[in-house]
Amino acid sequence: MRIGIIGAGRIGSTLGRQLAGIGHEVAIANSRGPETLGDLVADIGGSARAVTPREAAEFGQVVIETIPYGRYRELPAEQLRGKVVVDTANYHPERDGHDPELDDDSTTSSEKIRAFTGANLVKAFNAIYWENLRDQGRPKGEPGRLAIPVSGTDSEAKAVVSGLIRDIGFDPVDAGDLGRGGRKHQPGTNVYAVPLTAEELSGALHV
Ligand SMILES: NC(=O)c1ccc[n+]([C@@H]2O[C@H](COP(=O)([O-])OP(=O)(O)OC[C@H]3O[C@@H](n4cnc5c(N)ncnc54)[C@H](OP(=O)(O)O)[C@@H]3O)[C@@H](O)[C@H]2O)c1
């Protein structure tokens, strides 16, 4: 599959390595330009290429946006419209600045990113600490395999993203839609950044 990744930090580079490692075509972008990503794409290897955010959005059959929430308005909305987009973002006001609509919980970060981009958004990978994502993938059925909550309204899009999660060594658990579901795995919840198996995560999410 062609996968575009917007954001080449801890989560973006980790997912880039893992997805390229199992044979996906990866195009990855940051904010400073493709010329700053030479070492990363050389390290990722395979067919990985460094691109602009707009090119990553155009390239991906699935696009992963993994930039700080406070910068979501810089995403290439036109190119993301209608695409399956994985949203890994979390709202951290001390990093992102205050967003009154999130402070009063009238909406969620994922719903705002969906509204801005018009993408078919799936919230995933937001609740796993990046070092666990990097190091804890295990074959299916192995005891202790960690789980990752997935939220969104489109079951087909969630199935695609869930397949990618399984393929890199984790169990997806459907948390529901982006609103009620997404709220269950935001920062401050009982599952956020807590390493849990699928059984434990399902119990904690009450799904
Ligand atoms: N770290 C974790 O354990 C973890 C776990 C789950 C979810 N998350 C969430 O996932 C997101 C990424 O986290 P991270 O820890 O990977 O962040 P990070 O290491 O700080 O990396 C952020 C990346 O986003 C890029 N970026 C910023 N603005 C951009 C823009 N407008 N267009 C394209 N790229 C842009 C940066 O590029 P430049 O360096 O060129 O600016 C950098 O490559 C955040 O929302 C975070 O809250 C983090």
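Residues numbered from 1 in each chain as written. Predicted model: local features only at pLDDT ≥ 70, side-chain atom pairs only at ≥ 80, totals over all residues. Heavy atoms only, no water.

1. Side note on the pairing of strand S7 (residues 147-151)
So, step 1. Within S7, 5 of the 5 residues are buried, which leaves the element mostly enclosed by the surrounding structure.
So, step 2. Neither face of S7 is exposed, since Ala 147, Pro 149 and Ser 151 on one face and Ile 148 and Val 150 on the opposite face are all buried.
So, step 3. In the sheet, S7 pairs with strand S8 (residues 171-176) via 5 bridges, with the strands oriented parallel. Bridge pairing links Val 150 to Asp 174 in S8.
So, step 4. Of the crossover connections in this fold, the one passing from S7 over helix H9 (residues 155-167) to the parallel S8 is right-handed. (Buried < 20%, exposed > 50% of the residue type's maximum accessible area, 1.4 Å probe, protein only. Helix = DSSP H or I, 4+ residues; strand = E, 2+ residues; numbered from the N terminus. Pairing = 2+ DSSP bridges. Right-handed = clockwise from strand over helix to strand, strands pointing away.)

2. Focus: the UniProt feature "domain: Pyrroline-5-carboxylate reductase catalytic N-terminal" (unreviewed entry) in the protein
So, step 1. Those residues carrying the UniProt feature "domain: Pyrroline-5-carboxylate reductase catalytic N-terminal" (unreviewed entry) are residues 2-91 in this numbering.
So, step 2. Between the C-alpha atoms that bound residues 2-91 there is a distance of 28 Å. The span itself is 33% helix and 22% strand. (UniProt positions renumbered as here; feature names shortened; annotations may be inferred.)

3. Re unusual backbone geometry
Excluding glycine, residues mostly carry a negative phi; peptide bonds, for their part, are mostly trans.
So, step 1. Not every positive phi belongs to a glycine, and Asp 105 is a case in point at roughly 60 degrees.
So, step 2. On the secondary structure map, Asp 105 appears in the loop between helix H6 (100-103) and helix H7 (109-117).
So, step 3. Its identity as a non-glycine residue notwithstanding, Ala 193 has a phi of 60 degrees, on the positive side.
So, step 4. Of note, Ala 193 is situated in the loop between helix H10 (180-183) and helix H11 (198-205).
So, step 5. You can call Ala 193 partly exposed: its relative accessible area is 40%.

4. Remarks on the nonpolar core
So, step 1. Of all hydrophobic cores here, the largest spans 32 residues; its most connected members are Leu 15, Leu 19, Phe 125, Leu 133, Ile 165 and Phe 170.
So, step 2. Apart from the residues within four sequence positions on either side, Phe 170 is in contact with Ile 128, Asn 132, Leu 133, Gln 136, Gly 137, Arg 145, Leu 146, Ile 148 and Ile 165.
So, step 3. In this structure, Ile 6, Phe 59, Val 63 and Tyr 72 belong to the second largest nonpolar core, which totals 21 residues. (Core = buried A, V, L, I, M, F, W, Y, C linked by side-chain atoms within 4.5 Å. Contact = heavy atoms within 4.5 Å.)

5. Concerning the site of the ligand
So, step 1. In the vicinity of the ligand, 26 residues are found, and the nearest of them are Ala 8, Ile 11, Ser 31, Arg 32 and Glu 74.
So, step 2. A distance of 3.2 Å is found between an oxygen atom of the ligand and a backbone nitrogen or oxygen belonging to Gly 9.
So, step 3. Within the side chain of Asn 30, an N or O atom sits 3.4 Å from an oxygen atom of the ligand.
So, step 4. When the ligand is considered free in solution it has 900 Å² of accessible area, and contact with the protein chains removes 86% of it.
So, step 5. In terms of residue class, the shell around the ligand is made up of 12 nonpolar, 9 polar and 5 charged. (Near = heavy atom within 4 Å. Polar contact = N/O pair within 3.5 Å; in protein donor to acceptor, adjacent residues only side chain to side chain. Areas by Shrake-Rupley, 256 points an atom, 1.4 Å probe, with all protein chains shown as cover. Nonpolar A, V, L, I, M, F, W, Y, C, P; charged D, E, K, R; others polar.)

6. Notes on the pattern of salt bridges
Between side chains of opposite charge, pairing is possible as soon as their charged atoms come close.
So, step 1. Across all of its chains, the model carries 10 salt bridges by this definition.
So, step 2. Among the ionic pairs, Asp 96 bridges to Arg 95, the shortest N-O distance being 2.8 Å.
So, step 3. For Asp 96, a relative accessible area of 15% puts it in the buried group.
So, step 4. The salt bridge involving Lys 158 is made with Asp 174; its shortest N-O contact spans 2.8 Å. With Lys 158 in helix H9 and Asp 174 in strand S8, this residue pair connects regions lying 16 residues apart in the sequence.
So, step 5. Each of Asp 99, Glu 101 and Lys 112 takes part in a single network of salt bridges with overlapping partners. (Salt bridge = Lys/Arg side-chain N within 4 Å of Asp/Glu carboxyl O.)

7. Remarks on the side chain of Lys 184
So, step 1. Looking at where Lys 184 falls in the secondary structure, it is placed in the loop between H10 and H11.
So, step 2. The side chain of Lys 184 is buried and forms no salt bridge, while Asp 177, the nearest opposite charge, is found at 7.9 Å.
So, step 3. From its side chain, Lys 184 meets the backbone oxygen of Leu 205 in a polar contact 3.3 Å long.
So, step 4. Excluding residues that lie within four positions of it along the chain, Lys 184 makes contacts with Ala 175, Thr 189, Val 191, Leu 205, His 206 and Val 207. (Lys, Arg positive; Asp, Glu negative; His and termini not counted.)

8. Some remarks on the environment of Thr 117
So, step 1. Within the secondary structure layout, Thr 117 lies in helix H7.
So, step 2. Sequence separation between Thr 117 and Met 1 is 116 residues, and the spatial gap between their C-alpha atoms is 22 Å.
So, step 3. Contact partners of Thr 117, with chain neighbours within four places excluded, come to Leu 75, Ala 77, Leu 80 and Arg 81.

9. Some words on helix H1 (residues 10-21)
So, step 1. Across its 12 residues, H1 extends 16 Å between first and last C-alpha, which sits within 8% of the 16 Å expected from 1.5 Å per residue.
So, step 2. Most of H1 sits inside the fold, with 9 of its 12 residues counted as buried.
So, step 3. Listing the buried residues of H1 in full gives Ile 11, Gly 12, Ser 13, Thr 14, Leu 15, Gly 16, Gln 18, Leu 19 and Ala 20.
So, step 4. Against strand S1 (2-6), strand S2 (25-29), helix H2 (38-44), strand S4 (62-65), helix H8 (130-135) and H9 lie the buried residues of H1.
So, step 5. Gly 23 sits one or two residues past H1 and shows a positive phi near 100 degrees. (Expected span 1.5 Å × (residues − 1).)

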